[in-house]
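Results of the structural survey
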Amino acid sequence: MLGKLMKYEFKAMGRIFLPLFGALLVASAINRLFIALDFTIPKVIGTTISSSLIVAVIVVALILTIQRFYRNLLSREGYLMFTLPVRTDSLVWSKLLVAAVWMIVSLIVVMLAIAIMAATGDTFTSMMASLKEFFRSLSQAGFSGILIGIECVLLAIGGLFSGILTLYACIALSLFVGKHRVGFAFLMFIVINIIGQTILGILAVSVDLDSLTALVDNMSGFGQVQTVLGLCFLFELIAGGIFYVVTRLMLKYKLNLE
Amino acid sequence: MAIFECSGLTKTYGAKKALSNVNLSVEKGRIIGLLGPNGSGKSTLLKLCNGLLTPTAGTLTIGGSAPGIQTKQIVSYLPEHTYLADWMKVSDVLNFFSDFYKDFSVPKAEEMLTNLKIGKTEQLKTLSKGTKEKVQLILVMARQAQLYLLDEPIGGVDPAARDYILNTIIKNYNPEASVVISTHLIADIERVLDDVIFLKDGEVVLTSSVDDIREEKGVSVDALFREVFKC
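Labelled according to an unreviewed UniProt entry, chain B appears under the name ABC-2 type transport system ATP-binding protein, originating from Sporobacter termitidis DSM 10068.

The name recorded for chain A in an unreviewed UniProt entry is ABC-2 family transporter protein, from Sporobacter termitidis DSM 10068.

1. Digging into the sheet that holds strand E4 (residues 57-62) of chain B
Residues and elements named next belong to chain B. On the basis of which strands lie adjacent, the open sheet formed by three strands has the order E2-E1-E4 and antiparallel pairing. Two strands in the sheet have a free side with no partner beyond their single neighbour: strand E2 (16-27) and E4. Within this sheet the neighbouring strands show an average axis-to-axis angle of 15 degrees, counted without direction. Judged from the eight bridges that link them, strand E1 (residues 2-13) and E2 form a sheet pairing that is antiparallel. Its bridge partner being in E2, cysteine 6 is matched across the sheet by leucine 24.

2. Some remarks on the interface of chain B and chain A
Taken residue by residue, the interface counts 25 residues in chain B and 27 residues in chain A. Of all residues in chain B, B:Leu52, B:Trp87 and B:Phe100 bury the most surface against chain A, accounting for 28% of the area lost on that side. Inspection of the region where chain B meets chain A yields two salt bridges. In this assembly, chain B and chain A are joined by ten residue pairs in polar contact (both at pLDDT 80 or more). Among the secondary structure elements, those contributing two or more residues to the side of chain B that touches chain A are helix H2 (69-74) and helix H3 (90-100) of chain B.

3. What to know about helix H9 (residues 221-253) of chain A
Residues and elements named next belong to chain A. Here H9 spans 48 Å end to end across 33 residues, near enough to the 48 Å set by a 1.5 Å rise per residue. Every buried residue of H9 is listed here: Gly223, Leu229, Glu236, Ala239, Gly240, Phe243, Tyr244, Thr247, Arg248, Met250 and Leu251. Looking at the buried side of H9, the elements it contacts are helix H2 (40-74), helix H4 (88-118), helix H6 (145-173) and helix H7 (181-206).

4. Side note on the UniProt feature "transmembrane region" (unreviewed entry) in chain A
UniProt annotation of "transmembrane region" (unreviewed entry) refers to residues 45-66, 96-121, 141-170, 182-205 and 225-246 of chain A when read in the numbering used here. Between the C-alpha atoms that bound residues 45-66 of chain A the distance is 32 Å, and the span itself is 100% helix and 0% strand.

5. What to know about the sheet that holds strand E9 (residues 203-209) of chain B
Residues and elements named next belong to chain B. Taken in spatial order, the six strands make up an open sheet running E5-E6-E7-E3-E8-E9, and their pairing is mixed. Edge strands, defined here as strands with exactly one partner in the open sheet, are strand E5 (75-78) and E9. Between one strand axis and the next, the sheet turns by 15 degrees as a mean value, whatever way the strands run. The sheet contact formed by strand E6 (residues 147-151) and strand E7 (residues 178-183) spans five bridges and is parallel. Each residue of the ladder has a partner; that of leucine 150, found in E7, is isoleucine 181. Seen against the sheet, helix H9 (residues 221-228) touches strand E3 (31-35), strand E8 (195-200) and E9 and runs at an angle of roughly 15 degrees to E8.

6. A look at the nonpolar core
Generally speaking, a soluble globular protein has its nonpolar side chains buried in company with each other. Membership of the largest hydrophobic core comes to 136 residues, with the highest contact counts inside it found for B:Phe4, B:Phe96, B:Leu150, B:Val196 and B:Phe198. The element best represented in this core is H4(A), accounting for twelve residues. Mapped onto the domain boundaries, this core takes at least three residues apiece from domain 1 (1-119) and domain 2 (126-258) of chain A. Setting aside chain neighbours within four positions, we find B:Phe198 in contact with B:Leu35, B:Glu203, B:Val204, B:Val205, B:Leu206, B:Val221, B:Leu224, B:Phe225, B:Val228 and B:Phe229.

7. Digging into the pairing of E8(B)
If a strand is regular, its side chains alternate between the two faces of the sheet. Residues and elements named next belong to chain B. Taken across its six residues, E8 has five buried, putting it largely inside the fold. With four bridges connecting them, E3 and E8 associate as parallel partners. Note that in E8 the partner of isoleucine 32 across the bridge is aspartate 195. The pairing of E8 with E9 spans six bridges and is classified as antiparallel. If you follow isoleucine 197 over to E9, its bridge partner there is threonine 207.

The rules we used
- Residues numbered from 1 in each chain as written.
- Chains lettered and ligands numbered in written order.
- Predicted model: local features only at pLDDT ≥ 70, side-chain atom pairs only at ≥ 80, totals over all residues.
- Heavy atoms only, no water.
- Pairing = 2+ DSSP bridges.
- Helix = DSSP H or I, 4+ residues; strand = E, 2+ residues; numbered from the N terminus.
- Axes fitted to C-alpha atoms, helices over the stretch in contact; angles between N-to-C directions.
- Contact = heavy atoms within 4.5 Å.
- Buried area = accessible area lost by both parts, 1.4 Å probe.
- Salt bridge = Lys/Arg side-chain N within 4 Å of Asp/Glu carboxyl O.
- Polar contact = N/O pair within 3.5 Å; in protein donor to acceptor, adjacent residues only side chain to side chain.
- Expected span 1.5 Å × (residues − 1).
- Buried < 20%, exposed > 50% of the residue type's maximum accessible area, 1.4 Å probe, protein only.
- UniProt positions renumbered as here; feature names shortened; annotations may be inferred.
- Core = buried A, V, L, I, M, F, W, Y, C linked by side-chain atoms within 4.5 Å.
- Domains from an automatic or database assignment.

Below you can see the structure in the form of structure tokens.
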């Protein structure tokens, strides 16, 4: 059933995203032509349109993520979704996975658009050269470049998931109030961020600096990097887990569709 | 055997009691009117049956199970609101229902759409409120469910469509299934009902068969309703 839910979720978001992606890529290609021909005024207009579309893609990715969860689950459409013979977990996961995929695709399309406008043959050669150089210096310092690369991707995906789940939890917490749910969700977002910062602050102060220094000094450079990446990932995992549980509990016990 | 049972069912919103100690049992093969004025708890009861709300106290079972995936497979629910996404076409929602409900019959839905002159290619956004309600009722009645829970199914449509809808309900449900219709438009639906449940301020004040009301009290359901709920 998760697959079927995701199919409709892809469709619902795709009908907004795909035309926008198309417009961005076409505008970038036309702008590339203006730049190549060095038409001053069209070049300026083209660049303005392309950059506005890039901003639009990013804003739409964020707003759609919020809106799909709110409108499809907590507004009237919720009557349909919550009476389907599917688990509530499947409802949340279908939204989460599809939103994450569209965000990643949005990022790729934006990079592609920039490449279309600005890239030359040299750009790719020099980019590959710098990447090679980067990995070479990493391995010289005793790091496995591939390992670090994979870890960074995992960290980014973990951050994306826990970020989306933060939004879901804020929206789900708005079930506590009958009216002004959007405002309340926004307030929750601020409160959660303050709480998160406070926890990190308390952790930072309560750590015994001497033993930490001793611990870090005993590690190799590789070990230090691994520890930092590992702790960041653990933090994302815990935060994401908490927000998921909050979302699920709210949907189970506090669901009250208008 | 009862398809739906609840005992001591209570739902409160803060200090406000929406349902108070409701005990009911609905047999298979009956058409039941869930009757009461606005705010009497009809919608709350139906939402509880569909797992859209969690009871404050008491138990509720459908086909022997508490609301969950199993009960959602056998319950066909029509909420009082329009719940379809505006950007979808009528054909999209047919696909959606046949994807998720094994008991959904596409030919049956198509036949009803044709009878009510609703095109499959129409976008829901372009349909009037009444037509949207008809589409929803068609979707709900095109399932071969064991329990139909219809919340105000005739509230928003014209009297001619009302007749078609009521006939559709009687014609389409199988004799093993039960239909619960919540409404305050009693005169319109009285002729199709087997039993009635009167709800007042979240409490059940009467459960009876329609025949008993007519024979023992010598009045119509509509007349009895006006008497019980006299303001």
